[in-house]
Amino acid sequence: MTTLSEKMSDQSTREVSTRVSQSVFDGSRLRVVLLVDVHDGAQQQFLEAYEQLCNQVAQVPGHVSDQLCQSIENPSQWLITSEWESAPPFLTWVNSEEHVRMVEPLHSCVRDTRSLRFHIVRETGGEPAGAASRRRLQASPRIGDGVIRHALTFTVRPGSEEKVAKILADYASPQARVDETTRLCRTSLFMHGNRVVRAIEVRGDLLAALRHVARQPEVRAVEEAINPYLEQERDLNDQESARVFFTRAALPAVHHVTADEFAEGARQALYYPARPDCGMRLAELLAQQDEAAAESPDSPVLRSTIFQRDDVVVRLVDVRPGAPLPEPGRQAELSALLDGEPVGMDLVTDRRSPDA
């Protein structure tokens, strides 16, 4: 069976709409940068764990190469860079249970990590600058709005949905200002059945914002209150338990399009249950629909963000006031990828910073 990454490797880099500020679907190569702070004295242990991981990652479809570097100024600081054929195969791997198991040996010797992902836009040297190499570079820079979008998803025990919704709705908003450069802009929380989706928008440093939120007493109290109802158990006082939970809960944004950046709209969310191993392809088809809709003056959608992890696909949309919920889209190709009907999620809370 031909994988999505194999299909993309045979295609030219796709020109995306100028309205698209974020997308993993343009077919260009991906550079991943991981900044690592290793515990003092654990450098050799870290190197051995990396070498074991490196051999495993080399077998992952879509992986091209990687490189490990150590700081010449501080031996506790390391840099891992890797190149991938495109973003989808990397995201499929990094969001998998296989990845959680692979990186576990690293965490006993690592104090902190920071992951950055970049599409390659231009490069010098290396292979001759022929058509085959040019087609794998991002065609043109995307113009963003300065907002980083991210989401978390998890499930609660069946029968506890009403209690959980009340807990998640009734809390004081954390302080929006993180530091001089980072601010929380918006938090939207939805539920469908026993699945919870929390989407956040941040200006500045996403990691700093997530850490800021986790330290706030109001948020900490809410997290502790829902602990008894979670299907995946966690101990927030255990750093490793919390890390694994939030790693599995991460629901990355894979595409964002803006039709009208100034108009205000009503926020809604659609949940698309994908068939096994079809989540990424489903998200890509929805992204194409959103790009087309953004160019239509009659579309009710002002902004749309698609989040995807494994077989969970969520489409978060801002629609024009009074406009109905956009149709989920059930054309034949989408239907073949779905494991059930797309459904509108229930809004639990939607909070905006006054000066966002």
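All of the points below concern the structure found in this document. (Residues numbered from 1 in each chain as written. Predicted model: local features only at pLDDT ≥ 70, side-chain atom pairs only at ≥ 80, totals over all residues. Heavy atoms only, no water.)

Scanning the model with the defined rule gives six aromatic pairs in all. Arranged with centres 6.0 Å apart and planes meeting at 50°, the rings of F154 and F245 form a pair that is tilted. With F154 in strand 6 (residues 147–155) and F245 in helix 9 (residues 239–249), this pair connects stretches of sequence that are 91 residues apart. The residues F154 and F245 share a single accessibility class, namely buried. Between F245 and F246, the ring centres sit 5.2 Å apart and the planes meet at 90°, which makes this aromatic pair edge-to-face. Given the relative accessible area of 30%, F246 is considered partly exposed. Here the aromatic cluster, defined as three or more aromatic residues joined through ring pairs, consists of W84, F90 and W93. (Phe/Tyr/Trp six-rings, centres within 6.5 Å; stacked < 30°, edge-to-face > 60°. Helix = DSSP H or I, 4+ residues; strand = E, 2+ residues; numbered from the N terminus. Buried < 20%, exposed > 50% of the residue type's maximum accessible area, 1.4 Å probe, protein only.)

Another aspect to go through is the pattern of salt bridges. All told, the structure shown has 27 salt bridges when counted by the stated rule. Two residues, R281 and E284, come together in a salt bridge whose shortest N-O distance is 2.9 Å. Taken together, the positions of R281 and E284, both in helix 10 (residues 279–294) and three residues apart, correspond to about one turn of that helix. Here R281 falls in the partly exposed class, since its relative accessible area comes to 26%. The class of E284 is buried, set by a relative accessible area of 6%. Linked by salt bridges that have partners in common, R186, E201, R267, R303, D318 and D350 make up one network. (Salt bridge = Lys/Arg side-chain N within 4 Å of Asp/Glu carboxyl O.)

One open sheet accounts for four strands, arranged 3-4-2-5; its pairing is antiparallel. At either end of the open sheet lies a strand with only one pairing partner, and these are strand 3 (63–70) and strand 5 (110–119). Along the sheet, successive strands turn relative to each other by an average axial angle of 15°, direction set aside. Here eight bridges tie strand 2 (residues 30–38) to strand 4 (residues 77–84), and the two strands are oriented antiparallel to one another. Bridge assignment links V32 to a residue of strand 4, and that residue is S82. Sheet strands in contact with helix 2 (residues 43–57) are strand 2, strand 3, strand 4 and strand 5, and its direction is about 175° off that of strand 3. (Pairing = 2+ DSSP bridges. Axes fitted to C-alpha atoms, helices over the stretch in contact; angles between N-to-C directions. Contact = heavy atoms within 4.5 Å.)

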